[in-house]
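The residues making up each chain are set out below.
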Amino acid sequence: MPEFISRILNKIRSRLRARGPSKDRVSRLFRFRYACFKDLLASNTELLHIITAFEEKLRGQEVFGMSYVRSQASRAVFHTLRMVKSLDDLSGHRYPLLFERLEEINEAIRLEAGKSKELDVVELVLPYSKITREMVDWVGGKNANLGELANRVGLPVPEGFAITTRAYEFFLEHNRLVDEINKCRMHLDADDPHSVNVVSAQIQQLVLSSPVPSELEDAILAAYGAMSSMISKRSGASETEFPRVALRSSAIGEDSDLSYAGQYLSVLNVTQDRIVETYKEVIASLYTPRAISYRLHKGMRDEDIAMSVACIEMVESVASGVAFSRHPMRLVEDLMLINAVWGLGPYAVDGIITPDSYVVHKDVRLTVMEASASHKPVQLVTQPEGGLVEIPVPEEQRDSLCLSEAQVATLADYVLRLETHYQYPQDVEWAVDPNGRVLILQTRPLHLEQIETDGTKGVPRVEGYRVLAEGGAVAFPGIGFGPAFHVESDDQLADFPQGAVLVAKHSTPQFVMVMRKAEAIVTDAGSITGHMASLAREFGVPTVLDAKAATASIKPGTEVTVDAYSGRVYEGRVQELVALRRIKESAMKGTPVYQTLTDVANLIVPLSLVDPAAANFAPDHCRTLHDIMRFIHELSYKEMFSISDAVSDTEGAGALRLLAPIPLELHIIDLGGGLADVSAYARSVRVDQITSVPFKAVVRGMLHEDLRQAGPRPIDLAGFFSVVREQMFAPNNMAERFGDRSYAIVSDHYLNFSSRIGYHYSVLDAYCSDAVNKNYVTFAFKGGAADEVRRMRRVRAIARIFKALDFNVEVRQDRVDARYYKYDLESTQERLDQVGRLLQFTRQMDMLMQSDSTVDAIARCFLAGKYNLDEEFWAQFHEQACKPTN
């Protein structure tokens, strides 16, 4: 008999063990879900950047080629797939249709990208006399621009030639480097800097130790010889002299959003005997540690990044500098700015020497309005044996202007011609050679919208007008004027008038409904890389986000001028800003590659799924990658919100109890970085061990001094008996008891806090970091122990508090859902602190909800920081409630 009982007990124990997951298994489950969520957020951010880049290129002021279109489209598909896979894993594989939609869109993108008829460049080198911007895929941006300047604009540029991407491919094929490089890359770990450094060194050594094919070497030296002859004829020098050159990287996508400035190598003042070896050094810079890491984290394939090299005559500059076709600090005036230093340009570009400045009016005469000489003690010059050296400027020149009046006039004319050709303000590098000839070295778009990084310094305040808001972030630059129309809910969009300025507390994709009507958009909060900002760029609406108190300072109906360059909003019409209205024309429009970009972008950029509550917010209605991204991003909140259900199912395996003076039995599960200095054998943690940013904010609110000092809630007998009556007589489905434990699942920036106490529950899910686009707070509250009327009053009080804190709020029966998303770190922390206070403040509130007047009274008290609802307060409340109304 005892053996029989023992066997029975052993079976029971086995079944219980099978039902209850181990601590390690539960930990792995949570960590896996959180890893999926982090991947999803990371790719969402990257995809928003890619969409922004497409929108910028669609404005057509920058040179790009099919390599750019294909590589960016490939990156967009990669990050969308990563988001689809992450949501699929998070949801338990509930959205298989997303994979199908993504594949259909990807196939359409591939077909559109394949339609483009490209030039077939087979030459290993090309002189600038044969290069135009359409050749950017074979010569890179720097070379294409110089060829365009010489052949289409007719401006003087240094002699030179491009070593094409065909040459780069030939070099790799000749030395069979592609397979060797791929073998090295197999050992890459993007998150391990040592791994990246080792692989970088291996690949660069492969390149540097490989010989340049004789055919390529001969082509380079022949092109150098032809360039030397041209220089000799121009200057009258002996053809036996060998000019020094600059070898500059001109990789595909360099100086665009596929790269960042200075990522690859450029070498100045190279002698003839060093040209071929220096060429290898430049192409090897494709594989520096930072270049490899950048491509890995951006989802770029190596095959999309090919290196062309510019071999340019080294101009022994007497003077050099930069010129802006629109004065970047005086945008409201029709001026250009020229900066100049003695010697070579890097000292002006890098800010080592304060340059002379010339302010030129863009009138017919190009009148010089100001000419200011700076003190210039040193200059950068070339050395005969190669390389550069700093030398003193002769004493008599240190405080004198670098340029003559004729040179200023010539340079101003060139700069104006460049702006006319590209139909957009330009940032120009220039030099004056020993013969006094002005040469253009490089030009690129002057991105006026980037002036926002300098805050309100970028565009000075226009005097004589009242500023209603300033300091906002520019999502799309431009000027808008009209009456302010406040939008507090989506329902008001139906009444939005033509030509008005939309003013709202927060950005939302729903505003797309009125973007064709809006002169401008201004919001208190929002991200310039968010969904609505993308739509604003797509529709070309001047937009200022994160303007803080714009809704408070801009009264409805007020005529305003929105300066979406500086981030200011003026009262009235500012006539001086009219000149800054955006130029719509584009130099790239009409080219085959621009049409292909447009066709591909139509499958990536547009957003139609703007309303999560709409019937079409579903996978089968996703028409673009942006639609898929928006759908996934919205669903990811819900999936992470429900992670607390898994905690309840597992009874909090592996959780640590929080030792804190709060009326909750609170247990913590750390996914990584949420707690500090916790021993392997710990069963509890202290408040000072919390490192999770959102959880720390919530606990700070729960431990607020005034809440800790507040005494017990005053008892309302009617409310008390209501609670007792409901629990004695209500059916089970109306009196569900949730348990006595609360759980917080935390990481460094993430929190899921589920409080399921007695007959109510609340779930708080949040991400809080420096990345505005990732930040959100979602909160749900349901239940209570009192009758239905009192429960619903409690929910209404909570809803009013959340609305006052700028949450989006939805109330259904005795449940309230609130959401606060895409605000900065400080604002998100402040709201989490308030949520912590609210969790404490609303405990046992059901029995106090004796009338509808109580709802407003409770909300007002909380928002005023009056957390101690003592007998004196209730006496005053009763007195007010009993007064007759007129």
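Basis of the calculations
Residues numbered from 1 in each chain as written. Predicted model: local features only at pLDDT ≥ 70, side-chain atom pairs only at ≥ 80, totals over all residues. Heavy atoms only, no water. Helix = DSSP H or I, 4+ residues; strand = E, 2+ residues; numbered from the N terminus. Buried < 20%, exposed > 50% of the residue type's maximum accessible area, 1.4 Å probe, protein only. Contact = heavy atoms within 4.5 Å. Phe/Tyr/Trp six-rings, centres within 6.5 Å; stacked < 30°, edge-to-face > 60°. Lys NZ or Arg CZ within 6 Å of the ring centre and 35° of its normal. 1 Å grid on protein atoms, 1.4 Å probe; cavity = no way out; pocket = protein on both sides within 12 Å on 5 of 7 lines; lining within 4 Å. Points joined across faces, edges and corners; volume = space filled by probe spheres on them. Nonpolar A, V, L, I, M, F, W, Y, C, P; charged D, E, K, R; others polar. Axes fitted to C-alpha atoms, helices over the stretch in contact; angles between N-to-C directions. Parallel < 35°, antiparallel > 145°, perpendicular 65-115°, else oblique. Left-handed = near helix turned anticlockwise from the far one by under 90°. Pairing = 2+ DSSP bridges. Polar contact = N/O pair within 3.5 Å; in protein donor to acceptor, adjacent residues only side chain to side chain. Expected span 1.5 Å × (residues − 1). Arc of directions from axis to C-beta.

**Student:** Could you give me a rundown of the overall build of the chain, with the residues and numbers involved?
**Tutor:** Each helix and strand counted, the chain has 25 helices and 30 strands in total. Out of the 886 residues belonging to the chain, those deemed buried represent 55%. Excluding contacts between residues fewer than 6 apart, the proportion of contacts in the chain whose partners are at least 24 apart in sequence is 65%.

**Student:** If you had to explain the packing of aromatic side chains to someone new, which residues and values would you point to?
**Tutor:** Inspection of the entire model under this criterion finds 17 aromatic pairs. When the ring of Phe37 is compared with that of Tyr776, the centres are 6.2 Å apart and the planes differ by 90 degrees; the resulting orientation is edge-to-face. In this pair, Phe37 is assigned in helix H2 (residues 23–58) and Tyr776 in strand E28 (residues 776–783), connecting sequence segments 739 residues apart. The same class applies to Phe37 as to Tyr776, namely buried. Aromatic side chains Tyr95 and Phe631 sit 5.8 Å apart centroid to centroid with 80 degrees between the ring planes, which places their arrangement in the edge-to-face category. One end of the pair, Tyr95, is in the loop between helix H3 (66–91) and helix H4 (96–114); the other, Phe631, is in helix H17 (residues 625–641), with 536 residues separating them in the sequence. Taken together through their ring pairs, the aromatic side chains of Tyr34, Phe37, Tyr637, Tyr750, Tyr767 and Tyr776 make up a single cluster. Stacked on the ring of Phe481, the Lys or Arg Arg573 has its end atom at 4.8 Å from the ring centre. The ring of Tyr821 has Arg819 sitting right over it, with the charged end atom 4.5 Å from the ring centre.

**Student:** With reference to specific residues and values, describe empty space enclosed by the protein.
**Tutor:** Taken as a whole and judged by the stated rule, the model has 4 cavities of 30 Å³ or more. Put simply, the largest cavity is a space of about 120 Å³. Considering the residues around the largest cavity, the lining is formed by 15 residues, among which Ser507, Pro509, His531, Tyr821 and Lys822 are closest to the centre. A breakdown of the residues in the lining of the largest cavity according to their chemical character gives 5 nonpolar, 7 polar and 3 charged. Of the pockets and cavities examined, the second largest cavity occupies roughly 60 Å³. Around the second largest cavity, the lining comprises 10 residues; the ones closest to its centre are Arg185, Leu188, Ile292, Arg295 and Asp302. Mapped onto the lining of the second largest cavity, the elements with two or more residues apiece are helix H8 (193–209) and helix H11 (289–298).

**Student:** Summarise the packing of H8 against helix H10 (residues 275–284); cite the residues concerned and give the values.
**Tutor:** At a minimum axis distance of 9 Å, the contact between H8 and H10 shows a crossing angle of 155 degrees. Taken together, the axes of H8 and H10 lie roughly antiparallel to each other. Both H8 and H10 take part in a crossing whose hand is right-handed. Between H8 and H10, the residues in contact are Gln204, Val207 and Leu208 and Lys280, Glu281, Ile283 and Ala284, respectively. Looking at the contact of H8 with H10, its residues break down into 4 nonpolar, 1 polar and 2 charged.

**Student:** Which residues make up the pairing of strand E2 (residues 160–163), and what are the values?
**Tutor:** Every regular strand shows the same layout, with side chains that alternate between the two sheet faces. Of the two faces of E2, both are covered, the one formed by Gly160 and Ala162 as well as the one formed by Phe161 and Ile163. In this sheet, E2 lies alongside strand E1 (residues 125–127) in antiparallel orientation, the contact comprising 3 bridges. Following the sheet pairing, Val125 is matched in E2 by Ile163.

**Student:** Got a sec to walk through the side chain of Asp833? Specific residues and values, please.
**Tutor:** Along the polypeptide, Asp833 turns up in helix H23 (residues 825–841). Within the structure, the side chain of Asp833 is placed 3.2 Å from the side chain of Arg700, a separation counted as a polar contact. Dropping the residues within four chain positions of it, Asp833 is found in contact with Ala697, Arg700 and Gly701.

**Student:** Any chance you could break down H4 for me, citing the residues and the numbers?
**Tutor:** Compared with the 27 Å implied by 1.5 Å per residue over 19 residues, the 28 Å span of H4 between its first and last C-alpha is a close match. Taken together, the buried positions of H4 are Leu98, Arg101, Leu102, Ile105, Ile109, Glu112 and Ala113. Along H4, the residues classed as buried sweep out an arc of 105 degrees about the axis, all on the same side. Residues of H4 that are exposed and point over 90 degrees away from its buried face: Pro96 and Gly114.

**Student:** Go over the sheet that holds strand E15 (residues 473–476), please, and point to the residues and values.
**Tutor:** Pairing is mixed in the open sheet, where 8 strands are placed in the order E14-E21-E20-E16-E17-E18-E19-E15. Pairing within the sheet leaves two strands with one partner each, and these edge strands are strand E14 (467–469) and E15. With direction set aside, neighbouring strand axes in the sheet form an average angle of 35 degrees. Sheet topology note: the E14/strand E21 (residues 568–571) ladder contains 2 bridges and is antiparallel. Across the sheet, Ala469 pairs through a bridge with Val569, a residue of E21.

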